[in-house]
Each structure stands twice: as structure tokens, then as C-alpha cells.
Amino acid sequence: MQLHNFLDRYKQGERDFSHVDLSGASLSGVTLRDIDLTGADLTGANLSWATLSNAKLIGASLRQADMRSAILNAANLNSATLSRAKLGKVDLRLATLQEADLNWAVLQEADLSGANLEGAKLDQINLESAKLNSTNLIGAELMEANLRRASLISANLSGANLRESHLEEANLREAKLVGTNLTEADLTAAYLRGANLSDANLHRSILAGADLSEAILNGADLSRVNLTGAYLLKATLRKAYLLRAILQDVYLLRADLSEANLRSADLQRADLSGAYLSDATLSEANLVDACLLESHLIRTNLDQAHMTGCCISNWHIEDVDFSKVDCRYVFTRFNYATKKPSDRFPVGRDFQPGELGKQDPEHGKNDPNASTTIEVFLQESPNWEALVFTLAQVQLDCPDLELSIKSYEQLEARYLLRLVSSHFVNAKTLAQRVSELYPEMLRRVTSSRQAMLDLLQIKPRSENVIETVQPPQPTPPPPSPDQRLRMYQEVVKQIQMIILSQTPDQFVDSVQRLLNFLKTQGISTEEIQKSVISQAIVKRARLDPMFQQQLLRWEETAAKAARFSMVGESVRLAIALLWPDLPRK
């Protein structure tokens, strides 16, 4: 068909151009909404910047066609052939491309959000920086596809073949990848928070620096995978297969690895704090310098595992055989100030072969007279009078127990109090008891302090006090620019730590005091109010669902003065940013 004849007929209202031959035609910038080009031959045609919204292109041939920046939203391209087509920045939102052939096509920065590509052929396709949010890619072929920095939020790739594909820095938040083939795929620094990868095949894939927090990987094949430095906080890996996986410096805090197979896995310096390892296999695994704080090892297989330098503070072990473990020493405490393990055990020597399995190095249960160090964390500097009465109450509850204060130190956003017991106790339970009693005791002491002082006949001295007259102090010079910068950076750091550790009711007041301090030093707080506070709140909220509930409760109950304070405004801004993701009744 002649091009001018085709365009004239379209202008006159004709829409059915099924099986028309427009190969090589120049249709750049034309508007062809609602057109029916079923089975049409558009091989090599120029459709750049064309508008084909709601068009029917079922079974059409668009091989090597130029469709850059074209608009094809809600178009039907089922079974169409677009191999080697140029589709950069194309708009294919809500389009249907089931069973379509897009092998070797270029779709850089294209928008396919909500599109249906079920069963499509996309081998070696270029989708770099493309948008595929909520896209249906079930059973699609994406071998060696380029999806670098692509956005696949909530996309469904179940059963898809992504073997050897490139997904570096891709966003796959809450994506569905059940049974997906990702063998030898590169997902370096990819974002997979909340994604479902159950039964997925990730053999030899690269996930270094990736974020898989709260992801589901039950039954997934992660053998020989590289997860160096990856984040798997609260991830679920039940019955996952991690044979010879590289997990150096990985974060597996509170991850569920029940019945997982980690035989010969490299977990050097891995953080497994609070992780569940019941019935897991860690035989021949390398756990040197790993962190096992409060981790749960129940019937865990550690035959020939390497555990020298592990931190085992408050770990929970049950029916675990340590007789074949290779371990020279462990650390029984963790120093939260230095963020390093402490209290090497045994002191001044190494374990004899099999000795780790013969005693509990953390609590010294082989010695009934051994003492226990109890670590109590406080949000504010302690009131020592209230603390003394708190310890007195604990000792009254347990008459055979004596407690003494071992040390006290200020951390970045809280205070650490170390107590020593007269004999072995459960450190975690006792610390919880002290933390529960202290606030109520503080309230009582504060309200009854004067009566207590009168009862003990403690009065301030007013006699024989030499009154000295202090010379007037010179006004301190204003801080230098360098001092202002250091002061500003330190306060920003304190604010971030406060927000990460306190409830909204607490940190609104604490942060406001810090802002007021900066103002007294002549330092602007505008940037902190605009970005630092709200960003810190958003960051914590995305990691902590309980904190999200606290934010909503604050929004409902906070006093007007708090809501419209400088910090309150920042909190409300953060809530607005988080609003689509916040749980609501």
C-alpha cells in the first residue's frame, strides 16, 4: 500500500489495516491511535515518536523497526515480532506483548509498567534503566538480558529464564521470582527487599552488596553464590541450598536458616546475630570471626566447621555436637562502643581439640561459682539513686544473688551499664528485669525524694560554708568555622542515632534540644530540618514495621506544640513521604 493512501484512509476514519504491507515506511511522529495493524508487515519501518495508543499489532512484523520514543500504551502486540527493533524510551505502559519476540531489541529507558509479557522471548534484550514496575514476565525468556539499573518493583518473573542476565543495581523490591532461573546472573548491589525467590535457581549468581532484607528464599538454590557484603536482615532461607556459597561480611541478622544447607560455605566475619539455625547444616563451613550474638543453634550440624574468633554472646544452643569443631578461641562479649567482640575465651591459651564442646565458654557453666556479666542499656544517663533501689529490689527478689556495678559508659545514642553477679545467672533475663523495674523505680524516687531525704535526715549544709566570690568570667569567643563544622557534623550524627533508637515521643524532644543548642552557637539548622531528620525517619521506618506504627500513633496523639515544632514538621514530612507504604486500619 502506498504510504499517502494509507494515511489518507486513516484520516477519513478507517481503522482496520490488517495485514497491510508498510515495510520500510516512514511514519515518524504520526498519530495512529486505535488502529488495527494485525498481521501487518512493518519490517524496518520508522515509527519513532509515533502515537499508537490502543493499537492492535497482533502478530505484526516489526523486525528492526525504529520505534524510539513511540507511544504504545495499552497497545496489543501479542505474538508480534520485534527482534532487533529500536525501542529506546518507548511508552508501553499496560501494553500486551504475550508470546512476543523481542530478542536483541533495544529498550533502554523504556516504560513497560503494568505491561503483560508472559511467555515473551527477550533473550539478549537491552532494558537498561527501563521501568517494568508491576510488569507480568511469567515464563519469559530473558537469557543474557541487560537489566542494569532497571526498575522491576512488584514485577512477576515467576518461572522466567534469566540465566546469565545482568541486573546490577536493579530494583526488584517485592518482586515475585518463584522458581525463576537466575543461574550465573549478576545482581551486584541489586535491591531485592521483600522479594519472593522461593525455589529460585541462583547457582553461581553474583549478589555482592545486594539488599535481600526480608526476602523469601525458601528452598532456593544458592550454591556457589557470591553474597559478599549482602544484606539479608530478617530474610527467610528455610531449606535453602547454600553449598560452598561465599557469604563473607554478609548481614544475616534475625534471618531464618532453619534446615538450610551451608556445607563448606564461607561465612568469615558474617553477622548472624539473632539468626535461627535449627537443623541447619554447617559442616566444613568457615565461621572464623563470625558474629553469633543471640543466634539460635538447635541440632545444628557443625562437624569440622571452623569457628575461631566467633563472638557467641548470649547464643542459644541445644543438642549441638562441638566435638569435631575446629576452634582455638571465641569471644563471649560484644563491645557496642567499639563495635568489636571482647572477653576472649579461654584466657591466655587456646582450646584443646574438642574442648569447646565440653563446656559453655560464655557462662562458665562448668564452674557453679562463676560470675556473670549483665549488660543493661539505658536511653538516658541513669539516676543513680533510682538504680540503687532497682538493684536492691532485684536482690530482694533473689536473696542468694548479689549484684555489683562493673562499669558504665556512654555510647553514641545510649548508655551501657555492666553489672556482675555473685554466681551464674541468665544474663538476658536479668537485664530485662532491671530494664523493666528501673522506670517505675525512677518515678517513685523522683516523687518521694524529699521524704526519703527527711527520713534519712539528709540536709544541705548551710553552716561553715566558705562563700567565695568568683571573678566575672570572660565571654567565651565564638566558635571558629572549623569548630562550627565539627559541631554541626557531631550533632547530625547524634540526631541520626537518636532517631534510630528512640520512639517519636522521645526523639522529638531530644532532637529539638540539639537544634536549639546549634542555634545558640549561631549555626543554621535549616538543612537538618529539611532533610536529615526526615531521611533518618524514612530510613528507619522502611526497616522497622513497629516504628511505622509508632509514627502513626504519634501523628494521632501528639500535642499541637510537638506537631508544629521544628522537629514535628520534619516528622510529618517523613510520614507524608512514607504514607503509601504505611499500614492503616
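Everything discussed here concerns the structure shown above.
These remarks concern the structure in this document.

Formed by 123 residues in total, the largest nonpolar core has its most connected members in Leu 102, Leu 107, Leu 142, Leu 152, Leu 237, Leu 242 and Leu 267. Not counting chain neighbours up to four residues away, the residues in contact with Leu 152 comprise Leu 132, Asn 133, Leu 137, Leu 147, Leu 157, Leu 167, Ala 170, Asn 171, Leu 172, Arg 173 and Ala 175.

A separate point is helix α7 (residues 545–557). Helix length check: α7, at 13 residues, gives a terminal C-alpha distance of 19 Å against a target of 18 Å (1.5 Å per residue), a fit within 8%. All of the buried residues in α7 are Phe 547, Gln 548, Gln 550, Leu 551, Leu 552 and Trp 554. The N-terminus of α7 is capped by Asp 544, whose side-chain oxygen sits 3.0 Å from the backbone nitrogen of Met 546.

With that settled, the discussion passes to the pattern of salt bridges. Within the structure shown, the criterion is met by 21 salt bridges. For Glu 164, the salt bridge goes to Arg 163, with nearest N and O atoms at 3.7 Å. Here Arg 163 falls in the partly exposed class, since its relative accessible area comes to 30%. Linked through salt bridges whose partners overlap, the residues forming this network are Arg 328, Arg 344 and Asp 350.

Assignment of secondary structure puts Ile 528 in helix α6 (residues 526–543). When the C-alpha positions of Ile 528 and Val 492 are compared, they lie 7.3 Å apart, and in sequence the two are 36 residues distant. What Ile 528 contacts, discounting residues up to four positions off in sequence, is Tyr 488, Val 492, Ile 495, Leu 515, Leu 518 and Ile 533.

What follows deals with the side chain of Arg 193. Of note, Arg 193 is situated in the loop between α1 (3–11) and β1 (296–298). Apart from the residues within four sequence positions on either side, Arg 193 is in contact with Arg 173, Glu 174, Asp 211, Ser 213, Glu 214, Arg 542 and Leu 543.

Cut-offs used in this document
Residues numbered from 1 in each chain as written. Predicted model: local features only at pLDDT ≥ 70, side-chain atom pairs only at ≥ 80, totals over all residues. Heavy atoms only, no water. Core = buried A, V, L, I, M, F, W, Y, C linked by side-chain atoms within 4.5 Å. Buried < 20%, exposed > 50% of the residue type's maximum accessible area, 1.4 Å probe, protein only. Contact = heavy atoms within 4.5 Å. Helix = DSSP H or I, 4+ residues; strand = E, 2+ residues; numbered from the N terminus. Expected span 1.5 Å × (residues − 1). Polar contact = N/O pair within 3.5 Å; in protein donor to acceptor, adjacent residues only side chain to side chain. Salt bridge = Lys/Arg side-chain N within 4 Å of Asp/Glu carboxyl O.

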